[in-house]
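# Commentary on secondary and tertiary structure
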Amino acid sequence: MIQAMRETARPARAEAMVPAAYTVVDHRRETHDTVTLTLLPGRGTALPRFRPGQFTMLSAEGIGEIPVSISGDPDDQHDGRLVQTIREVGAVSAALCRSEAGSEIGVRGPYGHGWRLASALDGDLLVVAGGIGLAPLRPLIRSALGRREHFGDVTLLAGARSYADLLYPLQLDAWARRRDTAVTVTLDRPDPGWTGRVGLITGPLAETAIVPERTTAYLCGPEIMIKVCADALAARGVPPERIQVSLERNMKCGVGWCGHCQLGPHLLCRSGPVCRWDAVADLLDIEEL
Amino acid sequence: MLFDHPLPEVIDRAGLDQLVKLLQADGYTVVGPTERDGALVLDELAGGADLPDGIGVETGAGHYRLRERADGAVFNHSAGPQSWKQFVHPPRQRVDAPEPVRRLAFIGVRPCDLAALAILDGVLGAAPYPDDRYLARRDQIFVVAVNCVEPGNTCFCASTGTGPAAEWGYDLVLTEQEGEGGHRFLLGTGSVAGEEILDRLTHRTATGGEIREARRAVDDAAGSMGRSMPETDLRGLLNRARGSEHWEQVANRCLACANCTMVCPTCFCTTVEDATDLEGDNAERWQRWDSCFDPDFSYIHGGAVRKSVGSRYRQWMSHKLSTWHDQFGTSGCVGCGRCIAWCPAGIDITAEAAALAEKERTR
Amino acid sequence: MTHKGASDRLVAVDELARVEGEGALRLRVVDGEVAEAELNIYEPPRYFEAFLVGRKYTEPPDITARICGICPVAYQMSSCQAIEDACGVQVPETIWALRRLLYCGEWIESHALHIYLLHAPDFLGLPDAIELAKTNRELVETGLALKKVGNDIMEILGGRAIHPVNVRLGGFYRLPTPEELEHLKSMLRPALDQALKTVEWTSTLDFPDYDCGHELLAMSHPDTYPIERGHLITASREEFPASAWNDFIESVQVPHSTALQAFLRGRRYLSGPLARYSLNYANLSPLARQAARAAGLGERCVNPFQSIIVRAIEVVYAIDEAMRILEEYEPPRRPAVDVPPRAGEGHGVTEAPRGILYHRYKLDENGLIQQAQIVSPTAQNQPAIEADLKTLAADWLDLEDGELTAEAERAIRNYDPCISCSAHFLTVERG
Amino acid sequence: MGKPTLAVWKFTSCDGCQLTLLDCEDELLAIADAVQIKHFPEATRKDLPGPFDVSLVEGSISTPAEAERIKRIREETGTLVAIGACATSGGIQALRNFADLDEFQRIIYPHPEFLHSLEQVAPIAAHVDVDYELRGCPIDKRQLLGLLSALLKGRRPDLPKGAVCNECKQRGVNCLLVEGKEPCLGPITQAGCGAICPSYNRGCYGCFGPSDSAQPEALIPVLSRLGLADPDIVRMLRTYNAAAPKLAAAGDRLEGAHDDA
Ligand SMILES: Cc1cc2nc3c(=O)[nH]c(=O)nc-3n(C[C@H](O)[C@H](O)[C@H](O)COP(=O)(O)OP(=O)(O)OC[C@H]3O[C@@H](n4cnc5c(N)ncnc54)[C@H](O)[C@@H]3O)c2cc1C
Ligand code: SF4
Ligand code: SF4
Ligand code: SF4
């Protein structure tokens, strides 16, 4: 290998890989393992505006960088704020969850294809969220409710393991109190005193009345949940191109250079994470793709 | 565009040394094939004398040997263990600190490898998120290509449409000739920078005979490739083969050692790791080559997506020949044959493609 | 509970610190006399000699290196020599030079480790070198820098410092490049100064007056200080070649040890720095001799406490010698000569940093090992260590248990015992 | 908050892996600054009681007393790291798992009754849970430092699971197998050493043990083509990590194939 560093022309940058410094201005514990951070950019480092369903790469310095969806309100991006909800599953997510107000973290993005809402105009929206999957769906719901008059029925089904694991319970309550929105929450393991639904999300989904030709569905959660629900909806006649799912694969760069997030023809950081069901249904059927 | 050039010029073996010197004088670090530990590797050349005169190679599946040539040819060898990728997309790089860029001159880039550079340009250099580091390095490279007149046993660029003639993407292009008239190189230019260098080289104009001979040699090369990809729609074939039981069969032979991805001139995958010193200050972020054969490559919380070796081989081959089209608009394979030669188990991508095609035909 | 001055007491240290491997120490005092002094070697046996049987003759250099992470080169050199001897192969001088250079690396590393990290704290009443660094960081840094130079030699010549990979029968897998050798030279030059300073510093320590009365056994070579080659000599002027080892040395198993103890025609004996120095003073380099004189040492030194000075002198020698080898280096024509197998028996003996290491192999005509015998330095020194303990302890009976054990541990550390390698060797069965 | 505490333990081994810590000459004092060393007999007489944030455990379990001791250490340890081939697969002494222990003892010792050995030499993970493993005979210094700095920082240590071949290619070392020069276990051996042996023109002898995806069965024909006889291949698989299940199984099958023939 060549060692000598002879001629030095202009130094190379890797702009796309260098995170912008953001400050944590709010640290809110959602559940025992999940935290929502509100981030503000440092001077002159604000990133472009995000769209619902997009994600950023968040860095904990010296620990690592991971993809995290944006869970804030797309209509409230003043000062360049970002709101992100992180579940602690490993070293980097744990370090981010520990980031108290005032600390700094690195942010790149926003990246990826988000939820398509324009194509659902005048139709019904069906949102199905499992666990942490509610986080990337929240900006979508907020966006839709902010333009409520453009849509027909808006239905949200959210599943969680237990009440303690349920994300944004107050927010869900507030949505549920709206007359123009139907919200159903189901728990795998009900707590004593829980009067709501119990069991997998497929139960309420089957019972939800839909007009397939008017419905656009938005799904996010564990891959197996996505598959079962999307298949059920397709079987009930919702056109696969109107079922949108947000998928997860390992991501190291978020910008299409690292090759990790492939799902067959897709680089999920670019053509995803939100994909149309017709583009991925067959792929998810294949084991270990 | 050797043959379209109004009149190709000719330099002799000494002219090649002179070319190396001129490039060095212009501040380039000249990199080219040279012998080390029983293979032709790509390394910095002190001068033209480091080029492998008279050394040929004998390749096969999982097989590579140097051999002495009867002639003094410098560039008639193929499928070394390295590719130019290592210079434009190095095995390890820090991504959170600027890095000085060297001016490199590549000598002896074969057409398949020119195509590979073009593919990397499309992967790493393309909008909306170009890799500035890659582009900065790429920007500083002077390319001396060679037309291929002697394909090896593992070569199949004719069937991937990426050789044996260098079409574009070079500053200078050489065609090596031996025999009557001595050892010489026809020289064409592909850029202003190339023309400037040519002006300073001792050269003469090529004769009609020499040009005709060069054209014939390259044409012959197209017909004498050691291997070929089956003539079928590979993109569709691999698409349809996702569920094939063939992957299991390959898995019995595959070592999952990642050699194919490391030697491939277009495989670009990387991973990123943070590092700190013991005090915990001074964080650094490093990118290094990764491989779809690595167990952690597809890791997401809860476990890897591709656990079996078969699924990893399927990922690799499908990406090269099929899904690369979906992602980057071209095939990811340029027919250089490195993955065949440098697979310790001798697994051959052309043979596996043929086997898949055959299975589909007989089903 | 036992008390100082009690006429019957038992003092034990279950896990000796700052020695390589696992050992314990037991002193039993009966009627105001030291009745027993034992160095218990309880390191679990690893049965090397047994599983070497049936392996190929090319394997012992790598396999036996795993007996000891502290002196792998010693194992590689003794085993190469023994097997080359069995196969009747002579290795050219150019390769011997490289082997000696590699071995110098191990001496420098191992001695620097012992002087600074294991032994020095004893003289200063500290638990370890880390405490020492708190008051004298520069000193510890000097020690670490010296140690590193030893490791550099092993890394460059051997591929890595512990269990080097580059050694093979007949020579090496690959020769060092000129750049690598240049790099070594540049590392060694400043190290020589550090080594001389080390001798000076060790000579200022306080040493109890104590001459051990052991027989001495060391290697000897007509032209050089013994490292990787030579025959055996004793203080009582016996001389014998490696091939006569088993005629002179006998190994005995004792219940308190997984190591077999070695005796020279029934006598306990000492091997290692003191023996080497006292029997080979004349063959030290002028610089090393000068350093010895400046440190106030005579041509003979048999005070085990002063072994720290002798080690420092040997570090000077090893650096000096490494520089000489590098100056005179001529690359061998090939990295290794062929060593075709044949039926036979061979012996190899070299001077590991802490003493003599003997290997013997019996091969069949296909080169499969039929029998292996290894005698490690600490197995040889164990009887001498126990004898020292017994003698010295008589003077310590007034001490508290804690102080007494500290003194006893110190007496053991004088020998830089390597318990990892001492456990479990020695073939007793013949044929 | 006090400094994180570190303990280094030895079981049946050669001391080489813990020596690797002392071989970090440039970093040793920084380590001593960053952590409190509570137990490390090779380096200090100090011996402080647990709990220990991190325990580095060298060596395999080969006696009943060791089997007891490792349980106590596990109870007192936060992050337990097994270091080296002995601790991660049993090491070279596990060769006795393939032989008759009684006979082994008789070959070496006149009085085998003084000895206490377990029937099988086992890695640490066979007796207690292990959080991380550093492979190698011995471990690699950079990996050790990387692990320590990662644990101090709360980062997942970067311990690649792929084969040594990755490192050959990234360093620009030519392939010995493909060039027909030397048998090499690199394709089935876990990366981490930096491809030391191939860079010295020597085939990897597998001291880092089988890689996560190792397929010894796929390598056997490659080695045969280089002219190795089956017993040679069995010996190659069975040396420093003989008891690693994948290697042991492949060796057994190859040997079995012979017994049948
Ligand atoms: C597009 C996208 C959006 C996401 N949005 C969120 C979100 O809003 N909230 C949230 O809590 N989590 C989200 N995740 C998952 C989150 O990225 C992982 O939980 C995280 O990478 C785990 O990293 P770790 O270091 O904490 O854990 P470890 O399990 O130690 O992971 C080690 C490494 O593996 C990789 N990895 C592990 N799991 C995943 C994964 N699921 N996806 C991608 N890479 C992974 C990462 O490179 C990580 O550094 C999202 C993932 C993707 C791909
Ligand atoms: S897939 Fe193989 S033949 Fe194709 S470009 Fe890569 S290495 Fe060359
Ligand atoms: S030399 Fe060995 S480790 Fe290196 S690439 Fe070849 S097979 Fe793999
Ligand atoms: S190449 Fe193989 S044997 Fe050599 S050090 Fe690395 S893992 Fe160990």
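Residues numbered from 1 in each chain as written. Chains lettered and ligands numbered in written order. Predicted model: local features only at pLDDT ≥ 70, side-chain atom pairs only at ≥ 80, totals over all residues. Heavy atoms only, no water.

What follows deals with empty space enclosed by the protein. Quantified by volume, the largest cavity comes out at close to 180 Å³. Sorting the residues of the lining of the largest cavity by element identifies strand 3 (39-44) and helix 3 (111-124) of chain B as the ones contributing at least two each. (1 Å grid on protein atoms, 1.4 Å probe; cavity = no way out; pocket = protein on both sides within 12 Å on 5 of 7 lines; lining within 4 Å. Points joined across faces, edges and corners; volume = space filled by probe spheres on them. Helix = DSSP H or I, 4+ residues; strand = E, 2+ residues; numbered from the N terminus.)

With that settled, the discussion passes to the interface of chain C and chain D. Taken together, the 77 residues of chain C in the interface contact 63 residues of chain D. Summed over both partners, the interface of chain C with chain D buries about 5,800 Å², with 59% contributed by carbon and sulfur atoms. Taken together, the connections running from chain C to chain D amount to nine salt bridges. The interface formed by chain C and chain D includes 27 residue pairs in polar contact (both at pLDDT 80 or more). When residues of the side of chain C that touches chain D are traced back to their parent elements, those giving at least two are helix 1 (48-52), helix 2 (60-65), helix 4 (93-124), helix 5 (129-135), helix 6 (137-158), strand 4 (167-168) and helix 13 (401-413) of chain C. Among the elements that line the side of chain C that touches chain D, the one with the most residues is helix 6 of chain C, at ten residues. In the side of chain C that touches chain D, the residues fall into 38 nonpolar, 13 polar and 26 charged. (Contact = heavy atoms within 4.5 Å. Buried area = accessible area lost by both parts, 1.4 Å probe. Salt bridge = Lys/Arg side-chain N within 4 Å of Asp/Glu carboxyl O. Polar contact = N/O pair within 3.5 Å; in protein donor to acceptor, adjacent residues only side chain to side chain. Nonpolar A, V, L, I, M, F, W, Y, C, P; charged D, E, K, R; others polar.)

Let us now look at the site of ligand 3. Taken together, Asn259 of chain B together with Val164, Cys165, Cys168, Lys169, Cys175, Leu176, Leu177, Cys184, Gly186, Pro187 and Pro198 of chain D make up the full set of residues near ligand 3. With respect to ligand 3, its neighbouring residues span chains B and D. Take the shell around ligand 3: its biggest share by element is four residues, from helix 7 (residues 164-171) of chain D. Residues of the shell around ligand 3, tallied by class, amount to nine nonpolar, two polar and one charged. (Near = heavy atom within 4 Å.)

Our focus in this paragraph is the domain arrangement of chain B. Residues and elements named next belong to chain B. Each assigned domain of chain B is listed here: domain 1 (9-222) and domain 2 (234-362). Distance from the C-alpha centre of domain 1 to the C-alpha centre of domain 2: 26 Å. On the side of domain 2, 34 residues touch domain 1, which itself brings 36 residues to the contact. A buried area of about 2,900 Å², summed over both sides, lies between domain 1 and domain 2, and 62% of it is on carbon and sulfur atoms. Where domain 1 meets domain 2, there are two salt bridges. Two residues, aspartate 113 and arginine 338, come together in a salt bridge whose shortest N-O distance is 2.7 Å. Run the count over domain 1 and domain 2 and you get 24 residue pairs in polar contact (both at pLDDT 80 or more). (Domains from an automatic or database assignment.)

As a further point, take the packing of aromatic side chains. Evaluation of the coordinates by the stated rule reveals 27 aromatic pairs over all chains. Judged by centre distance (6.4 Å) and plane angle (55°), the ring pair of phenylalanine 293 of chain B and tyrosine 313 of chain B falls under tilted. With phenylalanine 293 of chain B in the loop between strand 13 (284-289) and strand 14 (299-300) and tyrosine 313 of chain B in helix 11 (residues 309-328), this residue pair connects regions lying 20 residues apart in the sequence. Note on accessibility: phenylalanine 293 of chain B and tyrosine 313 of chain B belong to one class, buried. Members of the aromatic cluster, joined through ring pairs, are Trp247, Phe293, Tyr313 and Trp316 of chain B. The ring of tyrosine 168 of chain A has arginine 138 of chain A lying over it, and the distance from NZ or CZ to the ring centre is 3.8 Å. It is arginine 410 of chain C that lies over the ring of phenylalanine 123 of chain C; its NZ or CZ is 4.6 Å from the centre. (Phe/Tyr/Trp six-rings, centres within 6.5 Å; stacked < 30°, edge-to-face > 60°. Buried < 20%, exposed > 50% of the residue type's maximum accessible area, 1.4 Å probe, protein only. Lys NZ or Arg CZ within 6 Å of the ring centre and 35° of its normal.)

Time to look at the site of ligand 2. Residues and elements named next belong to chain B. Around ligand 2, the neighbouring residues are Phe156, Cys264, Pro265, Trp316, Lys320, Cys333, Val334, Gly335, Cys336, Gly337, Arg338 and Cys339. The set of elements that each furnish at least two residues to the shell around ligand 2 consists of helix 11 and helix 12 (338-341). Taken together, the residues of the shell around ligand 2 sort by class into eight nonpolar, two polar and two charged.

With four pairs of chains in contact, the largest contact count belongs to chains C and D. Where chain A comes nearest to chain C, the C-alpha atoms are still 13 Å apart, and the two do not contact one another. Over all C-alpha pairs, chain B and chain C never come within contact, reaching a minimum spacing of 11 Å.

This part is about the sheet that holds strand 7 (residues 104-109) of chain B. All names here are of chain B. Strand order in the open sheet formed by eight strands is 3-2-7-8-9-10-1-11, and the pairing between neighbours is mixed. Because the sheet does not close on itself, it has two edges, and the strands there are strand 3 and strand 11 (204-205). Across three bridges, the pairing between strand 2 (residues 29-36) and strand 7 is parallel. Note on strand 7: the bridge partner recorded for threonine 29 is leucine 104. Sitting on the sheet, helix 7 (residues 208-223) touches strand 1 (9-12), strand 9 (172-177), strand 10 (184-189) and strand 11, and the angle it makes with strand 10 is about 85°. (Pairing = 2+ DSSP bridges. Axes fitted to C-alpha atoms, helices over the stretch in contact; angles between N-to-C directions.)

Our focus in this paragraph is the pattern of salt bridges. Here the structure, examined in full by the defined rule, presents 82 salt bridges over all chains. A salt bridge links arginine 74 of chain D to aspartate 131 of chain D; the shortest N-O distance between them is 3.2 Å. Of this pair, arginine 74 of chain D sits in helix 3 (residues 64-76) while aspartate 131 of chain D sits in the loop between helix 5 (101-108) and strand 5 (132-134), and the two are 57 residues apart along the sequence. By relative accessible area, which is 38% here, aspartate 131 of chain D ends up partly exposed. Residue glutamate 133 of chain D pairs with arginine 135 of chain D through a salt bridge whose shortest N-O separation is 3.7 Å. Residue classification places glutamate 133 of chain D among the partly exposed residues on the basis of a relative accessible area of 28%. Shared partners join several salt bridges into a network, and the residues in it are Glu93, Arg100, Glu228, Arg229, Glu321, Arg324 and Glu328 of chain C.

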